[in-house]
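# Close look at the chain arrangement
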Amino acid sequence: MSAEAAKIMKEQDVAETDVERRDWDEAWARVKKRLRTELGDDVFTSWFARIECDGVAAGVVSLSAPTLFLKGWIKSHYSDRLVALWNAEYGDVRRVDVVKRSPLKFPAQVKVVHSEPTPAQPQAAQEEAEDRFAGSPLDARLTFTSFCEGASNEVAFRAAKAVATAPDGAPPLYNPLYLHAGVGIGKTHLLQAIAHETRKLHPQRRVMYLTVERFTFQFVAALRDKAALDFKEKLRSIDILLIDDMQFLTGRSVQQEFCHMLNALLDSSKQVVVAADRAPGELDGIDERVRSRLKGGVVVGMARPDTAMRRKILDLRLAAARERDPKIQVPDNVLDFIARMVVSNGRDLDGALNRLICRAQFSDQPISVEACELAIADLIGDREPKRIRIEDIQKIVARHYNVSRQDLVSARRTRTVVRPRQIAMYLAKTMTPRSFPEIGKRFGGRDHTTVLHAVRKIEGLVGADQKLSDEIELLRRLLQD
């Protein structure tokens, strides 16, 4: 074969390779777009923003992740869905492989000379050593600026911001700071916002955001590799530790290690912020020593957003979507409808808006309230009110006013107990179908006239005392969560 013919064949191979690369690059872009639509911006950014496609060959898609944790999560949670999406967009894909990519990239013109092989750990072990102590991924959009502050979360928001903006050398004001709320209310957003703000204002501070799942993974890996001391030393050297999903902490040895780490950080005046779906005293299965340390800090609850705040959240999310695609249009009356009807949490609001954005991008039909109602029917549900029990009311009221449930049903007549008891009776009458005698029976066998007096007393005060009115509205929201 002549040199000229060889040159032509080589150029053809390169051209074919470039065409193939463009094909799977475009397919990967379409797969990511579908993933973003299905999962929503928050979930997509958390898990897929840093995933890259390295190629497709023989029916196998090769993806790469920057960390071992991200690689394992994608493989265990999204492998089947990725195969299905790749088949839909590219065709003939049997498997999706995810590997951890090397942090080192050599320029093409540099020749890498390999020395004689030396005894070393297997590649997988080396990768684990690199990432064993890394924190959980942060979403760049979860900042204080993008957080929607309102009456239901203002205390948590301001406490979180105070942690992030505390001057250098100042002792922690709230330690530990414990945030609790239901799903999708904004706990994770605030924890990640603390991390972003601290790194921006105080780059010298060592801050780590860590889910309990990630903490458990690291601890087990450290024990397996006989690196427990390194693991402990790494965590105890942190200036601000942010722990998410505290309710998932399980296992005696894991809880013991967490307790030792928590004690070491708090005793060293290092800042700890913890988030969970319930108050520390209600964490089932958590070691009492851990609960005691958590209860000794500042515990702040967050309630569901009201209608005005839900509308504000939708405006913020829509503005962010328009930055990516200015052509997206969702009428104000449709946004008002979503704000009124989707009352559960912020994630459901995001899901409802994502569906409409998808329709706006891929459908020629205008977005109307009727079309919106069909699109988000499962998020609205049948709108049946939550069935609330008197026991639930007693529990929430006792916790809010820092008394025991036993106090509410006792014969005690001190002011610190009488007012919460009257409020609990008032809520029991207005939020349950129980009669006055039934309510009295649940409050220590009191006469129905006592309950009637309590209800009338609170009704009279609510109209004149705005602070009490706000407290009762907060208690209603907590009970309806």
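Residues numbered from 1 in each chain as written. Predicted model: local features only at pLDDT ≥ 70, side-chain atom pairs only at ≥ 80, totals over all residues. Heavy atoms only, no water.

Helix and strand content of the chain: 21 helices and 8 strands. Evaluated residue by residue, the chain yields a buried proportion of 42% over its 481 residues. Across the chain, contacts joining residues at least 24 apart in sequence account for 75% of those joining residues at least 6 apart. Carbon and sulfur atoms make up 51% of the accessible area of the chain, which amounts to about 25800 Å² in all. (Helix = DSSP H or I, 4+ residues; strand = E, 2+ residues; numbered from the N terminus. Buried < 20%, exposed > 50% of the residue type's maximum accessible area, 1.4 Å probe, protein only. Contact = heavy atoms within 4.5 Å. Areas by Shrake-Rupley, 256 points an atom, 1.4 Å probe, with all protein chains shown as cover.)

This part takes up the pattern of salt bridges. Applying the stated rule across the entire model yields 24 salt bridges. Residues Glu257 and Arg236 are paired through a salt bridge, measuring 3.9 Å at the closest nitrogen-oxygen approach. Placement of the pair is Glu257 in helix α9 (residues 252-267) and Arg236 in helix α8 (residues 228-236), with a sequence separation of 21 residues. The salt bridge partner of Arg291 is Glu288, with a shortest N-O separation of 2.8 Å. Remark: Glu288 and Arg291 occur in helix α10 (residues 288-295); sequence separation between them is 3 residues, near one turn of the helix. For Glu288, a relative accessible area of 45% translates into the label partly exposed. Through salt bridges that share partners, Arg311, Asp315, Asp332 and Asp336 make up one connected network. (Salt bridge = Lys/Arg side-chain N within 4 Å of Asp/Glu carboxyl O.)

This brings us to the packing of aromatic side chains. Under the defined criterion, the tally for this structure stands at 8 aromatic pairs. With 6.0 Å between their ring centres and 5° between their planes, Trp28 and Trp86 make a pair best called stacked. You can see Trp28 sitting in helix α1 (residues 3-39) and its partner Trp86 sitting in helix α3 (residues 68-89), a full 58 residues away along the chain. The class for Trp86 is buried, based on a relative accessible area of 0%. For the ring pair Phe215 and Phe258, a centre distance of 5.6 Å and an interplane angle of 90° mean the geometry is edge-to-face. On the criterion of sequence distance, the pair formed by Phe215 in helix α7 (residues 212-224) and Phe258 in helix α9 is long-range, its members being 43 residues apart. Residue classification places Phe215 among the buried residues on the basis of a relative accessible area of 1%. An aromatic cluster of three or more residues is present, and its members are Phe215, Phe219, Phe231 and Phe258. Taking the ring centre of Phe436 as reference, the NZ or CZ of Lys429 above it sits at 4.6 Å. (Phe/Tyr/Trp six-rings, centres within 6.5 Å; stacked < 30°, edge-to-face > 60°. Lys NZ or Arg CZ within 6 Å of the ring centre and 35° of its normal.)

Contact pair α9 / α10: the axes reach a minimum separation of 9 Å and the direction vectors enclose 30°. It follows from the interaxial angle that α9 and α10 lie roughly parallel. Regarding α9 and α10, the two cross each other, and that crossing is left-handed. Of the residues in α10, those touching α9 at Gln255, Gln256, Phe258, Cys259, Leu262, Asn263, Leu266 and Asp267 are Arg289, Val290, Arg293 and Leu294. Taken together, the residues of the contact of α9 with α10 break down into 6 nonpolar, 3 polar and 3 charged. (Axes fitted to C-alpha atoms, helices over the stretch in contact; angles between N-to-C directions. Parallel < 35°, antiparallel > 145°, perpendicular 65-115°, else oblique. Left-handed = near helix turned anticlockwise from the far one by under 90°. Nonpolar A, V, L, I, M, F, W, Y, C, P; charged D, E, K, R; others polar.)

What follows covers the confidence of the model for the chain. Fine structural detail should not be taken from predicted coordinates in areas where pLDDT scores are low. Confidence in the prediction of the chain, expressed as mean pLDDT, is 81, and 87% of residues score 70 or more. Below a pLDDT of 50 lies the segment residues 5-19, which in the model reaches 2 contacts outside its immediate sequence neighbourhood of four places, other chains included. Low pLDDT, under 50, characterises residues 104-130; the stretch is placed with 13 contacts to residues that sit more than four places away or in other chains. (pLDDT = per-residue confidence, 0-100.)

For the rest of this paragraph, the subject is a negative patch on the surface. Together, Asp306, Asp465, Asp470 and Glu473 make up a negatively charged patch on the protein surface. With respect to the helices and strands, the residue Glu473 is situated in helix α21 (residues 466-480). Judged by its relative accessible area of 38%, Glu473 falls in the partly exposed class. (Patch = residues over 30% accessible without salt bridge, like charges linked within 9 Å, V, L, I, M, F, W, Y side chains within 5 Å. Lys, Arg positive; Asp, Glu negative; His and termini not counted. Charge placed at Lys NZ, Arg CZ, Asp CG, Glu CD.)

To continue, consider the pairing of strand β5 (residues 207-211). Along β5, 5 of the 5 residues are buried, which leaves the element largely enclosed by surrounding structure. Neither face of β5 is left uncovered, since the one carrying Val207, Tyr209 and Thr211 and the one carrying Met208 and Leu210 both have all their residues buried. Of the pairings in the sheet, the one linking β5 to strand β6 (residues 240-244) comprises 5 bridges and is parallel in character. Paired with Met208 across the two strands is Leu241, which belongs to β6. (Pairing = 2+ DSSP bridges.)

Attention now goes to the sheet that holds strand β2 (residues 60-65). Neighbouring strands of a sheet are bound in pairs by backbone hydrogen bonds; such pairs are parallel or else antiparallel. Taken together, 3 strands build an open sheet; the order of strands is β1-β2-β3 and the sheet is mixed. Where the open sheet ends on each side, the last strands, each with one partner, are β1 (52-57) and β3 (95-100). Neighbour-to-neighbour, the strand axes of the sheet open up by a mean angle of 25°, direction not taken into account. Relative to β2, β1 runs antiparallel, the two being bridged by 5 bridges. Residue pairing in the sheet places Glu52 in a bridge with Ser64 of β2. Most of the contacts of α3 go to β3, to which it runs at about 160°, and overall it touches β1, β2 and β3.

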